[in-house]
Amino acid sequence: MKPVRETPAVLGKEEEVDIEAVAGLRGDDCGVNSQDPAWKRFLRHIGPGFMVSLAYLDPGNLETDLQAGANHRYELLWVILIGLIFALIIQSLSANLGVVTGRHLAELCKSEYPVWVKICLWLLAEVAVIAADIPEVIGTAFAFNLLFNIPVWIGVLIAGSSTLLLLGLQRYGVRKLEFLVALLVFVMAACFFVEMSIVKPPAKEVLKGLFIPRLNGSSATADAIALLGALVMPHNLFLHSALVLSRDTPASVRGMNDACRFFLFESGIALFVALLVNIAIISVSGTVCNAGNLSPENAAKCGDLTLDSSSFLLKNVLGRSSAIVYGVALLASGQSSSITGTYAGQYIMQGFLDIKMKKWVRNLMTRSIAIVPSLVVSIIGGSSGAGRLIIIASMILSFELPFALIPLLKFSSSRNKMGQSNNSIYIVGFSWTLGFIIIGINVYFLSSKLIGWILHNSLPTYANVLVGVTLFPLMLLYVASVIYLTFRKDTVKFMSRREQEDMDNTEKAKVANKDGSEDDRVVQSN
C-alpha cells in the first residue's frame, strides 16, 4: 500500500506528515472501505486496544495484584473495576486525539510547547518508558528462573534479546505485531484462569469484593492507591494516540466518528480481558494466602509477596504444574509488555525530536537503557534487589503521569486541536475531574512512599534532614510544573483532518469552477 500523507495547517503554514513513518512500517492493508459492513470495518480497527491493554497486565501490575490479594483477599477487587473504567475513558481520549488530528500526542506536544518545555517533556517521557520497561525485563527474568532455573541476571540478558527478536516482526506490518501481542494476552489470561480453576475461590466472595467497596485494615488504603497508581501509565497515552494512525481513517465526519466508536469498543473488549485477568490474579493470591492449611513458612512469604516469592509460593502450595503455568503467564506478561514499551519509545523519539533512526537501532537503544539498571541490580542484589527495583520504577511512573495526562486532556478538549470534533463541556468537565483524581492518587502514592522511606530508613538524622531539604524544593518545582501545564493557554491551532478535507474540497471546487468558466469563454469566442 502507498504511504498516506497529510498536510495539516499550523498557524497558516503547511507541514508534511508521513503517517507511515509514524505508524510503523506496514506490510499489509489497513485501509477502511466505508461501503463495507460495520462488523468488517470494526475488525480492521482491532489491534491498538490490545497492545495498550498490556500496560494493565504488566509485571508491575501483577505484583500489586498479588500483594492486594494476599493482604485483603477479594476486598480490593472493586478498585480494579473502577480503575479500568477510568482507564477506558482516558485511553479513548488518546485514540480520539490521533483519529481527529492525524497526529499523535508526542507530535502535538512538540508543536505546542516552547523548546525548553518540549525538551523536558521528552526527557520525562523517555524516563517513563525506561521505568515501565524495568519491571517487564525483571518479570521475564523471574519467569526464566522459575521455568528453567536460569539465574536472574542471565534472564535479564535473555529478556532483552528475545524482545528484540519479537520486535523484528514489525518489518512485516504493524498488524502482525498486534496479533502477536493479542496472542500473548490470551495466553496469560488462560494461564491465570487455569490457576483460578485449581484454587477455586468462592464466587460469592469474589462478586462481593468486585461490587461492594470496602477498605478494612490499616494498609487497605495504601494498597488500593498502589493498585490505582499502577494502572494508568504515561507511555501508554503516547502509544495509543500513535497506533490508531496505522488505520487509514477517512477524513469525513462519518469516517472519523466510526473510527472513534470502533476504537472505543475495541479498547473496551481489551480492557475487559485485562479486568478478568486482574480478577484472576487477586483471587488466586487471596485464596492461596488465606487458606487454612498454609504452613508458617508460606504464611511469612504471603506477608511480603513479590513476583519472585509468589512463584515459589504457588509452586509449594499448588504443585509443580501450577508453578509452570504461573511461569508461562509471567513470561507472556513480561515479553508482550516489553514490546509495547519499546514501541512507545519509538513514537516518543520520532514525535518530540523528529529523529528518523533505523528501527533496530532505536529498539536496541531503548532496550539497552532498561537492561543496564536491571542487570546491575540483579547481579549485586539478586532477586530481592530486582524486586525492590520494580517498586522504584512504579514510583517513577506515578511521578511522571501528569506530564502526559495533562497535555492529553488539554489537547483533546481544545478546539484549536480538535476543531469541531472537540469534546463537549460535559466530557471536558468529567475528563478533567477524572484526570485530577488519578493525578492526586498518584501524587499521594508517591508522597506516602517517600515519607515512609524517610521515617523508617536507617540513615542518621542529619542525612534525613539533608534528604528532606533537597526534596522540598523539588516537590515545589513539581507542583509548579503541573500548574503551568494545566493553566497554560493553548496557542497553536491545527486544522483537524475533517477541516483540512473541507478546505481541500473547497479549493478543488474553485479550480473546477474556474476551469469551467474559462471553457465557457472559449466556446463563446468561437
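My aim in this report is to walk through the structure given alongside it, one point at a time. These numbers come from a predicted model, not from an experiment.

1. Things to note about the overall build of the protein chain
- Looking only at helices and strands, one finds 22 helices and 4 strands in the protein chain.
- Sequence-distant contacts, at least 24 apart, represent 83% of the contacts inside the protein chain between residues at least 6 apart.

2. Digging into the packing of helix α12 (residues 234-243) against helix α18 (residues 402-413)
- It is the contact of α12 with α18, at a shortest axis distance of 7 Å, that shows an interaxial angle of 40°. Overall, the two elements α12 and α18 adopt an arrangement that is oblique. The handedness of the crossing between α12 and α18 is left-handed. Residues P234, L237 and F238 of α12 pack against A404, L405 and L408 of α18.
- The residue inventory of the contact of α12 with α18, partitioned by class, reads 6 nonpolar, no polar and no charged.

3. A short note on the layout of surface pockets
- Reported here for the second largest pocket is a volume of approximately 440 Å³.
- What lines the second largest pocket is a set of 17 residues, and nearest its centre among them are F399, F403, L477, Y478 and S481.
- Within the residue set of the lining of the second largest pocket, elements represented by two or more residues are α7 (115-148), α20 (425-456) and α21 (461-487).
- Considering each element in turn, the lining of the second largest pocket owes the most residues, 8 residues, to α21.
- For the lining of the second largest pocket, the residue count by class is 16 nonpolar, 1 polar and no charged.

4. Notes on unusual backbone geometry
- The phi dihedral of N149 falls on the positive side, at around 60°, and the residue is not glycine.
- By secondary structure assignment, the location of N149 is in the loop between α7 and α8 (152-167).
- With phi around 50°, K200 is a residue other than glycine that occupies positive phi space.
- Take K200: it is sitting in the loop between α9 (174-199) and α10 (203-211).

5. Side note on the nonpolar core
- If you look at the biggest cluster of nonpolar residues, it comprises 124 residues, and the most contacted ones within it are F192, F352 and L405.
- Per-element accounting of this core gives the leading share, 16 residues, to α7.
- Ignoring sequence-local partners within four residues, the contact set of F352 consists of A106, C109, K110, K118, L121, W122, A125 and F238.
- In this structure, A95, V244, C260 and F263 belong to the second largest nonpolar core, which totals 7 residues.

6. Structural notes on the side chain of E266
- Looking at the element boundaries, E266 is found in helix α13 (residues 253-289).
- Despite its burial, E266 remains without a salt bridge, the nearest opposite charge being carried by R247 at 6.4 Å.
- Only 2.8 Å separates the side chain of E266 from the backbone nitrogen of G49, close enough to count as a polar contact.
- Apart from residues no more than four positions distant in its own chain, E266 is found in contact with F42, H45, I46, G47, P48, G49 and F50.

7. Examining the packing of aromatic side chains
- On inspection of all chains with the given rule, the structure shows 9 aromatic pairs.
- Note on Y113 and F411: the rings are 6.0 Å apart at their centroids and 40° apart in plane angle, and the pair reads as tilted. Taken together, the positions of Y113 in the loop between α6 (105-112) and α7 and F411 in helix α18 put the pair 298 residues apart, joining distant regions of the chain. For the pair Y113 and F411, a shared accessibility class is recorded, and that class is buried.
- Arranged with centres 5.6 Å apart and planes meeting at 25°, the rings of W432 and F436 form a pair that is stacked. Taken together, the residues span about one helical turn, with W432 and F436 both in helix α20 at a distance of 4 residues.
- Of the residues examined, F436 reaches a relative accessible area of 38% and is grouped as partly exposed.
- Pairwise contacts between aromatic rings join F399, F403 and Y478 into one cluster.

8. Examining the pattern of salt bridges
- Overall, the coordinates contain 5 salt bridges when judged by the stated rule.
- A salt bridge links R261 to D258, with the shortest nitrogen-to-oxygen separation between them at 2.7 Å. Linking R261 with D258, this pair stays in helix α13, spanning 3 residues, or about one helical turn.
- Take R261: its relative accessible area is 35%, and that puts it in the partly exposed class.

9. So, the side chain of E136
- Examined against the element boundaries, E136 turns out to sit in helix α7.
- With sequence-adjacent residues up to four places away left out, E136 is seen in contact with D58, P59, G334, S337 and S338.

Analysis parameters
- Residues numbered from 1 in each chain as written.
- Predicted model: local features only at pLDDT ≥ 70, side-chain atom pairs only at ≥ 80, totals over all residues.
- Heavy atoms only, no water.
- Helix = DSSP H or I, 4+ residues; strand = E, 2+ residues; numbered from the N terminus.
- Contact = heavy atoms within 4.5 Å.
- Axes fitted to C-alpha atoms, helices over the stretch in contact; angles between N-to-C directions.
- Parallel < 35°, antiparallel > 145°, perpendicular 65-115°, else oblique.
- Left-handed = near helix turned anticlockwise from the far one by under 90°.
- Nonpolar A, V, L, I, M, F, W, Y, C, P; charged D, E, K, R; others polar.
- 1 Å grid on protein atoms, 1.4 Å probe; cavity = no way out; pocket = protein on both sides within 12 Å on 5 of 7 lines; lining within 4 Å.
- Points joined across faces, edges and corners; volume = space filled by probe spheres on them.
- Core = buried A, V, L, I, M, F, W, Y, C linked by side-chain atoms within 4.5 Å.
- Buried < 20%, exposed > 50% of the residue type's maximum accessible area, 1.4 Å probe, protein only.
- Lys, Arg positive; Asp, Glu negative; His and termini not counted.
- Salt bridge = Lys/Arg side-chain N within 4 Å of Asp/Glu carboxyl O.
- Polar contact = N/O pair within 3.5 Å; in protein donor to acceptor, adjacent residues only side chain to side chain.
- Phe/Tyr/Trp six-rings, centres within 6.5 Å; stacked < 30°, edge-to-face > 60°.

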